[in-house]
Amino acid sequence: MSERVYLLPLWIRLWHWTNALLIITLTITGVSLHFADPKLPLVEFSLAARIHDLAGLALVAAYGFFVIANIVSGNWWQYVPKPPGILDRCMKQARWYLWGIFKGEPHPYPVTLEVNFNAMQALIYWFIMYLMMPTLLITGLIFMFPQFAPDRVFDMDGLLPVAVLHYLTGTVIVLFMIAHMYLGTTGHTVTTMFKTMITGWHEH
Ligand code: HEM
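This structure is a prediction, so every number in the text was calculated from the model and none was measured. (Residues numbered from 1 in each chain as written. Predicted model: local features only at pLDDT ≥ 70, side-chain atom pairs only at ≥ 80, totals over all residues.)

What follows covers the overall build of the chain. Broken down by element type, the chain carries six helices and four strands. Counting from the amino terminus, helix and strand elements in the chain follow one another as β-α-α-α-α-β-β-α-α-β. Expressed as lengths along the three principal axes of its C-alpha atoms, the size of the chain is roughly 60 × 35 × 35 Å. When burial is assessed residue by residue, the chain has 15% of its 204 residues classed as buried. Sequence separation of at least 24 residues holds for 67% of the intrachain contacts in the chain that already meet a minimum separation of 6. (Helix = DSSP H or I, 4+ residues; strand = E, 2+ residues; numbered from the N terminus. Buried ≥ 20, exposed ≤ 12 C-beta atoms within 10 Å, placed from the backbone. Contact = placed C-beta atoms within 7 Å.)

Okay, structure coming up:
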């Protein structure tokens, strides 16, 4: 018998799917720009640049909304891993993803209204949303307005560290998204968590 609880308010769901669409758009155009090949373009260069700029600005706006709405609603607290025993709970969770799930063991930390994320999820979401995303967005903005970049950093062109950071954080976020989609299938059934992100209702 499954139980239902209204877990995710509309604003989280709207932000989440806007964010996902923008990140997918930025990934396709970003790959086209980074591995540009005039003979075999994924998206033609100048079109990819225009779309990447617009989607990037939209992502800055969506991220601003995410941060403010998280503060106002108190949802930011979900992202803070709570001691004691964070490492222990992360290990138990990882063991379940790698082993327990395939043996039909129950979720070690079932979702509740008060504690939506397990410790591993909280740590990873925090790292992505509050470390990787701001770095990605700030370096993207500096690229767009290069007059704000330092002229030289450690005897290198000032834009070089900006480019490297932008590429690295973008790559980490794309790798996160792939793992995140897989882990999204580990709910009550394969589709349960995706449905929750659409309807707001969690089933367990
Ligand atoms: C098509 C791509 C994506 C799919 C299918 C997807 C799927 C999901 C699902 C099913 C959940 C609910 C389960 C949970 O709370 O963990 C979720 C939550 C979440 N996702 Fe995604 N996601 C995608 C892309 C992204 C991206 C690109 C990011 C960030 C860069 C992201 C960040 C988050 C965050 C922070 C939450 C928790 C929201 C909250 O409850 O406060 N997702 N996602």
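Turning next to the nonpolar core. Counting residues in each nonpolar core, the largest one holds seven residues, listed as L22, I23, L26, A55, L59, A62 and F66. Counting residues per element, the ones that place at least two in this core are helix 1 (10-34) and helix 2 (45-73). (Core = buried A, V, L, I, M, F, W, Y, C linked by C-beta atoms within 7 Å.)

This paragraph deals with the site of the ligand. Taken together, the neighbourhood of the ligand is formed by 22 residues, with A20, I23, G184, M193 and M197 sitting nearest. Secondary structure elements with two or more residues in the shell around the ligand: helix 1, helix 4 (119-144), helix 5 (159-183) and helix 6 (192-199). Among the elements that line the shell around the ligand, the one with the most residues is helix 1, at five residues. Class assignment for the residues of the shell around the ligand results in 13 nonpolar, nine polar and no charged. (Near = placed C-beta within 6 Å. Nonpolar A, V, L, I, M, F, W, Y, C, P; charged D, E, K, R; others polar.)

This part is about the packing of helix 2 against helix 4. Packing of helix 2 against helix 4 leaves a shortest axis separation of 10 Å and a crossing angle of 135 degrees. Looking at the two axes, helix 2 sits oblique to helix 4. The way helix 2 lies across helix 4 gives a crossing that is left-handed. Contact residues: D53, G56, L59, V60 and Y63 in helix 2; M133, L137, G140, L141 and M144 in helix 4. Each residue belonging to the contact of helix 2 with helix 4 can be placed in one class, and the counts come to seven nonpolar, two polar and one charged. (Axes fitted to C-alpha atoms, helices over the stretch in contact; angles between N-to-C directions. Parallel < 35°, antiparallel > 145°, perpendicular 65-115°, else oblique. Left-handed = near helix turned anticlockwise from the far one by under 90°.)

The next point concerns unusual backbone geometry. Going from P83 to P84, the amide bond is cis rather than trans, its omega being 0 degrees. With a phi angle near 45 degrees, F154 is a residue other than glycine that sits in the positive phi range. On the secondary structure map, F154 appears in the loop between strand 2 (152-153) and strand 3 (156-157). Residues other than glycine seldom take positive phi values, yet D155 does so here, at roughly 70 degrees.

Running from N to C, helix 1 and helix 5 point in directions that differ by 130 degrees, and their axes come no closer than 11 Å. Here helix 5 runs oblique to helix 1, going by the angle between their axes. Between helix 1 and helix 5 the crossing geometry is left-handed. Where helix 1 abuts helix 5, its residues I23, T27, G30 and H34 lie against Y167, G170, I173, V174 and M177. Here the residues of the contact of helix 1 with helix 5 sort into five nonpolar, four polar and no charged.

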